[in-house]
Structure formats: structure tokens, C-alpha cells
Amino acid sequence: MSIRKIGSAVFTLCLVLSPGSILAQEGSPAGSVPPEVLKARRQRLLAELNGAPAILSSAGPRGDYAQDSDYREDNAFFYLTGLEAPGGWLVLNGGGGEAEVLYLPPRAPAAERWTGPQMGPGPEAGALTGITEVRSAEALEEDLPLWLGGQGGGEEAGSNSPYGSFGDPRFREALASLLPEGASAIRPLAPLMARLRLVKDAEELERLRAAVEITCEAHRELWRVADPGTAEYELEAALEYVFKIHGAERVGFPSIVGSGPNSVILHYDKNRRSLEAGDLVVVDIGAEYGYYTADVTRTFPANGQFSPRQKALYELVLGAWAAGLEMIRPGSTMADVNRSVRDFLETRSGDLCGGTSCAPFLIHGVSHWLGMDVHDVGENRTPFVAGMVLTLEPGLYLPEEALGIRVEDDILVTETGHEVLSDALPRSTEEIEAVMKEAPIWVNSGFKD
Ligand code: GLY
């Protein structure tokens, strides 16, 4: 297939499969990312590119049905442009210069009868992104040899191969076909983006704080409405209602509401069982606000009161949590946090798990990065520096007792140590029991008589 034909195929794919509107986050509860913030992010990426070009595509179209209100932009594309732009492309550093060019599909009046007005190439996109050069996506094919600079054969070919990031794998193939003969293979941009995204800027932290705050309020409301007999899916509905009315546009991951035997299943998200007196309920949830997700877990007793054994095991987990938290400071790593949690369980379990420690009943690592994804990008061995955000989530899972416990918080690394972003959500058994006695605030009917 000729370059022109393949280029047209890319363009056609975007237009035909995704006539959805092209929007910034304008109008969303989180608002737009300020253009100066986007510019600073692109400058940081440019500094990492070492003269090579980077080509990024938007997320792929979801299907041929002309309704795509839940279109979620590719993280790398959104991080650098702040746009939701199906069919859009971003080229940085084209030709070894400092160029930034945004390519957007031209407006399509017939499609707009279905989807509403689109933002086409033009000054509006420039103002929102701070990118002065905005062109029609139809021009990408023609521009590509220019952006690839020394590529296209000869002695210099391969010395400066382009980086690529593709919100849809189909775009990778399409772009690879467009490269001039002799051009070297596309290098993944992902490791560079991951390094950038590991340290959050102020705008990202603001969004994360909002996501965490909404998530914490959803937990509180769950405790208020839960009773023996309440279905896990009712709790899921209640918490996601709290998410939405506070401006979270979606969940960061499927909500986990696991009672009794389901509390020991780490990613239980069917949420079909009804709570029974004596159950512990593990609720692991995260509101996504402005493309950033929280991830907060609490465990509560279905009947409003921890039994003595549940309380003892729960407090062991809280001790492990505190031991892990102490390790979160600049210079240490997730491995240090894990070691500290396990050491605590090894030495402080008493006879709670028979003659041996409870450590074998913690069956997962206790941290992951958090940000635009719930398991956010970044190398797990990276030493902590201020601005990183990770989870701390010790737990114990005893299937023979149908008893699972997990306590998870979102932690910002600071210059001097850490800040627990979800600290406002109670963690102690007494505080949880007290909130469970409160009347619901947001969900007013359908739960308690
Ligand atoms: N909160 C779900 C997870 O960390 O996998």
C-alpha cells in the first residue's frame, strides 16, 4: 500500500469509526488543564527526547455507534494536550527542532448532527493547549517525512529514530507503514512518559486530592447505609452515586465490595452477595476525577461491630500499615515498605494465626504507583522523591474463616517524609463503628427502614 493510501486509511479510521466530538476537559467538573501546565509538561518531555521526534496518537475509536460520551483519552495524549480528541495526533521535536504540532480531524457537519459540535483544527485548540501550530489530521501524512528529519535512508538513518505512543495499537501499525523507506523502527515513548508522570505537578495533585476526597466520602456513606441484608451491589450503587454527584466522571477501576467469603478475593468485583451479620466487608474503590484516580480500601463489620477476633486481626493490620508508612520518605523504595510491613507481621502476630506469624496471609505487595491509572506507570524500584504518589495497602486473608481485611491509603512523598492524602477517612475500629451509627447523608432511601 502506498504511503498516501495508508495515511488516508488512518484518517478514515478516525473519522468513520469515531465521529465523537473533540473536546477539552472544558465543562467537565475538573475543568481544563491550564495551557501553561501542558506547555511545561511538553518542555520536560522535549528535554528527554535528545533531539529525536516523538509522535503520539489519541485513544482509538470505540466502535461504529455514533455515541461515545464515555470516550476516555489516552493518558499520554491527555497529559500533554489536555484534550479529548479522537483521531488527533501530536508531534514534538519534529525535524530535530522545537516544533510542537497538533493534528486534529477537520469538522464533519453530518457527524455533528449526532454528536454535537466538534472542535476542529484552529485557534480554539491552540488556546486550550498552548500549541500554536494546529493542522488538519489530513496533513499528517504529508508532513511526516519533514518531522522525521534525517530519516528515510542514507548514512544517518536510524541514528535518531522516532519515539511513538499510540492510544490504540492500530495507529502504531498505521504509522509504521507511513514511515519513509529506510527509516528506523519506532521506539516506545512509554518509559520516558513514565518517568515524567511519576512525579506529579501541582495540577495533578489537585485532581488527585479531589479524587481521594470524593472516595473517602463514598466510604463514609457506605458505612452509614450498610446493614446485614444489604446487597453488595446496593453498596456499589450507593458509592458510585456519591462519586458522580461530586463530579467524578467514572470509576478508576471496578468497585470491589466483598463481604464474608468474598472479602478474601483480592479483586472481587461481581458484588452479588448480601451482607450477613458477622461478616467483614472489604471495600476497595477509587473515584476518577479529571483523569486521576484514588484507590482507598477500608474494612468494616456488616453488623456495625467488630468481633474481638476481627478487631485483633484488624489492629495487627493497622500496626503493619504504620510500620510501612514509616518507610515512605525520599530515598527509600517500595521494597523497603514491603519489608517493613512483613517484618511487623512476622514479629507481632502473637498467636493470632496459630503458632506461626500471620505474614503468609498477606498475599500481595503493599504498594503501587497511583495517578492517571490505578496502577500507574513507573518502575517499582525507583527510589522515592517528593511528588510521587503511591498506595500503602497491607491486608490479611484467611479463607478458612471467610475473613479478609485490607486497609489502603494514598500517600504523597514529601521533601521531609510523606502526607497521607486519605488521612481524613477513619481507620480505627472505634471510629468506623461510630460512623456506622450515623444516618446516611447522600443516599436517603432504599437502604435502612
Ligand atoms: N485497588 C485495586 C488494586 O490495587 O489492584
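Residues numbered from 1 in each chain as written. Predicted model: local features only at pLDDT ≥ 70, side-chain atom pairs only at ≥ 80, totals over all residues. Heavy atoms only, no water.

Going through the model one piece at a time under the given rule, you end up with five aromatic pairs. Look at F78 and Y291: their rings are 3.9 Å apart centre to centre, the planes differ by 10°, and that puts the pair in the stacked class. You can see F78 sitting in helix α3 (residues 75-81) and its partner Y291 sitting in the loop between β12 (287-289) and β13 (292-293), a full 213 residues away along the chain. Between W89 and F166, the aromatic rings sit 6.4 Å apart at their centres with planes inclined by 75°, giving edge-to-face as the arrangement. Here W89, found in strand β4 (residues 89-92), pairs with F166, found in strand β7 (residues 163-167); they are 77 residues apart in sequence, far enough to count as distant. Take F166: its relative accessible area is 14%, and that puts it in the buried class. In textbook terms, an aromatic cluster arises when at least three aromatic residues are bridged by ring pairs, as seen for W89, F166 and F171. Just above the ring of Y163 sits the side chain of R187; from NZ or CZ to the centre is 4.2 Å. Stacked on the ring of Y291, the Lys or Arg R250 has its end atom at 5.7 Å from the ring centre. (Phe/Tyr/Trp six-rings, centres within 6.5 Å; stacked < 30°, edge-to-face > 60°. Helix = DSSP H or I, 4+ residues; strand = E, 2+ residues; numbered from the N terminus. Buried < 20%, exposed > 50% of the residue type's maximum accessible area, 1.4 Å probe, protein only. Lys NZ or Arg CZ within 6 Å of the ring centre and 35° of its normal.)

This paragraph deals with the packing of helix α2 (residues 35-49) against helix α8 (residues 190-198). Packed helices, taken two at a time, are described by their axes: the angle between them and the distance between them. Close contact between α2 and α8 brings their axes to 10 Å; oriented N to C, the two are set at 135°. Viewed along their axes, α2 and α8 adopt a mutual orientation that is oblique. Note that α2 runs across α8; the crossing there is right-handed. Residues R41, R44, L45, E48 and L49 of α2 form the contact with α8, whose own contacting residues are L192, M193, R195 and L196. (Axes fitted to C-alpha atoms, helices over the stretch in contact; angles between N-to-C directions. Parallel < 35°, antiparallel > 145°, perpendicular 65-115°, else oblique. Left-handed = near helix turned anticlockwise from the far one by under 90°. Contact = heavy atoms within 4.5 Å.)

As a further point, take unusual backbone geometry. Only a minority of non-glycine residues have a phi that is not negative, and only a minority of peptide bonds are not trans. Located in the positive-phi region is N50, a residue other than glycine, with phi close to 55°. Mapped onto the elements of the fold, N50 is located in the loop between α2 and β2 (54-59). According to the relative accessible area criterion, N50 is exposed, its value standing at 72%. In this structure, N271 takes a positive phi of about 55° despite not being glycine. Among the secondary structure elements, N271 is positioned in the loop between β10 (256-259) and β11 (280-285). By relative accessible area, which is 0% here, N271 ends up buried.

Attention now goes to helix α10 (residues 232-245). Here α10 spans 20 Å end to end across 14 residues, near enough to the 20 Å set by a 1.5 Å rise per residue. Turning to α10, its buried residues number three or more, namely E232, L235, A238, L239, V242 and F243. For α10, the buried positions fall inside an angular range of 140° around the axis, keeping them on one side. Where α10 is buried, its residues meet α9 (202-225), β9 (250-251), β10, β11, β12 and β14 (296-301). One or two positions beyond α10, positive phi appears at G247, with a value near 95°. (Expected span 1.5 Å × (residues − 1). Arc of directions from axis to C-beta.)

Let us look at the site of the ligand. The ligand sits among F253, H267, D284, D295, H368, H375 and E393. A distance of 2.8 Å separates a nitrogen atom of the ligand from a polar atom in the side chain of D284. Take H375: an N or O atom from its side chain is 2.8 Å from an oxygen atom of the ligand. Considered on its own, the ligand offers 200 Å² of accessible surface; in the complex 92% of this is hidden by protein. (Near = heavy atom within 4 Å. Polar contact = N/O pair within 3.5 Å; in protein donor to acceptor, adjacent residues only side chain to side chain. Areas by Shrake-Rupley, 256 points an atom, 1.4 Å probe, with all protein chains shown as cover.)

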